[in-house]
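Next come the chains, spelled out residue by residue.
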Amino acid sequence: MPLKDSLLATLVAVIWGVNFVVIDAGLDDDMPALLFVALRFTMVALAVVVIARPQVPFAQVALVGAFMSVGQFGLLYSALAMGMPPGLASLVLQAQVVLTVVFAAVRLSELPTAGQLAGVVLGAVGLGVVALGRSAATPLLALLVTVAAAASWACGNVVARRVGTASGLSLTVWSATVVPLPLLALSLVVDGPDAVGHALTSLSLAAVLSTVYTAVLASWVGYGIWNSLLARHRTSAVVPFTLLVPLVGMTAAWLVLGETPNVAEAVGGAVLLLGVATAALGLPGRRGKGDGSSYIETVEEPDETARMPG
């Protein structure tokens, strides 16, 4: 890719990597996690006034939103609220790549390549090392909920793969419309009306800025740039930049929060990233259509490992 586009891809990776620390900063004591997700996607969904609806049945769009937004981010925000370190969360969440390979094989009968199988094995080993060797600062339940968030994201990838819409940004925005009401209702049940009412009437500056960052930069700007890059260049030239996300996330957590992984977390994380790289970088080099597409490609079916969080 030209230097300009490489810098743009790096910028997106930085935006998405810093996103984890920003989310953690907004999750103060008065902000219920599920309500916080609802607020974020309320803002994301506002873009429906300027973004055309995907040309697929809305029920399929809603199913994508259920897995990729309600499930993924509801679980991720909850894990961070439980004490999951944001830097480690940015790493563990990348397990979605290897989980997508597994789910696509089961649900879509898409047989993985030898490289993808090797990536799945390496990813599983890396996750196991992180889980067994995690520090006392990483609650087991929070780690498991983060893995569940990765699994929900992987399910969403498979559903989006079947939907086959041409615009990832359009799918992101319109699928966001199904997020706020279910999560608001769930927050009312889990956290109680008093906690929800107090949070809504006393939003902290950190919560407001975090919501703006995650909706505007991570979702609108991030996906806008990412999809344009996938439209102009081979998938295999763009996807490797996603490996920068956990590196940026862990660096940001170290600089801002002083979060430092222990030896087992660092080694397990490196093995997990190697598995992700093995699964993702073995993709055939294909060029997408010139319509902003990260899902439909001209020669073969798309690879769901090319997607990243909004």
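Residues numbered from 1 in each chain as written. Predicted model: local features only at pLDDT ≥ 70, side-chain atom pairs only at ≥ 80, totals over all residues. Heavy atoms only, no water.

Draft legend 1. Layout of the environment of valine 48. Structurally, valine 48 is set in the loop between helix H2 (33-45) and helix H3 (58-82). With residues up to four places along the chain from it excluded, the contact list for valine 48 reads Val173, Trp174 and Thr177. (Helix = DSSP H or I, 4+ residues; strand = E, 2+ residues; numbered from the N terminus. Contact = heavy atoms within 4.5 Å.)

Draft legend 2. Just helix H5 (residues 96-107), in detail. End to end, H5 covers 15 Å across 12 residues, agreeing with the expected 16 Å (1.5 Å per residue, within 8%). Every buried residue belonging to H5 is among Gln96, Val97, Val98, Leu99, Thr100, Val101 and Ala104, and all of these are buried. With its phi angle positive at about 55°, serine 109 sits one or two positions after the end of H5. (Expected span 1.5 Å × (residues − 1). Buried < 20%, exposed > 50% of the residue type's maximum accessible area, 1.4 Å probe, protein only.)

Draft legend 3. Structural detail: the environment of valine 212. The residue valine 212 is located in helix H11 (residues 205-232) in this model. Accessibility expressed as a relative area gives 35% for valine 212, which makes it partly exposed. For the pair valine 212 and methionine 43, spaced 169 residues apart in sequence, the C-alpha separation works out to 7.8 Å.

Draft legend 4. Looking closely at the packing of helix H6 (residues 114-133) against helix H14 (residues 263-280). Between H6 and H14, the shortest axis-to-axis distance is 7 Å and the interhelical angle comes to 165°. What the angle tells us is that H6 and H14 run roughly antiparallel. At the point where H6 passes H14, the crossing takes the left-handed sense. Mapping the contact onto sequence places Gly115, Gln116, Ala118, Gly119, Leu122, Gly123, Val125, Gly126, Leu127, Val129, Val130 and Gly133 in H6 and Ala264, Glu265, Gly268, Gly269, Val271, Leu272, Leu274, Gly275, Thr278 and Ala279 in H14. When the residues that make up the contact of H6 with H14 are grouped by side-chain class, the tally is 11 nonpolar, 10 polar and one charged. (Axes fitted to C-alpha atoms, helices over the stretch in contact; angles between N-to-C directions. Parallel < 35°, antiparallel > 145°, perpendicular 65-115°, else oblique. Left-handed = near helix turned anticlockwise from the far one by under 90°. Nonpolar A, V, L, I, M, F, W, Y, C, P; charged D, E, K, R; others polar.)

Draft legend 5. The arrangement of the nonpolar core in detail. Counting residues in each nonpolar core, the largest one holds 83 residues, and the members touching the most others are Leu76, Tyr77 and Met84. Top element by residues in this core is helix H7 (residues 140-163). It accounts for 10 residues. Setting aside its immediate chain neighbours within four residues, leucine 76 contacts Phe20, Ala89, Leu93 and Ala149. (Core = buried A, V, L, I, M, F, W, Y, C linked by side-chain atoms within 4.5 Å.)

Draft legend 6. Up close: a nonpolar patch on the surface. Residues Val121, Val125, Val129, Val263 and Val267 make up a contiguous nonpolar surface patch of about 420 Å² in total accessible area. Listed by contribution, the elements that provide at least two residues to the nonpolar patch are H6 and H14. By residue number, the principal contributor to the nonpolar patch is H6, which donates three residues. Looking at where valine 121 falls in the secondary structure, it is placed in helix H6. Judged by its relative accessible area of 53%, valine 121 is exposed. (Patch = residues over 30% accessible without salt bridge, like charges linked within 9 Å, V, L, I, M, F, W, Y side chains within 5 Å. Areas by Shrake-Rupley, 256 points an atom, 1.4 Å probe, with all protein chains shown as cover. Salt bridge = Lys/Arg side-chain N within 4 Å of Asp/Glu carboxyl O.)

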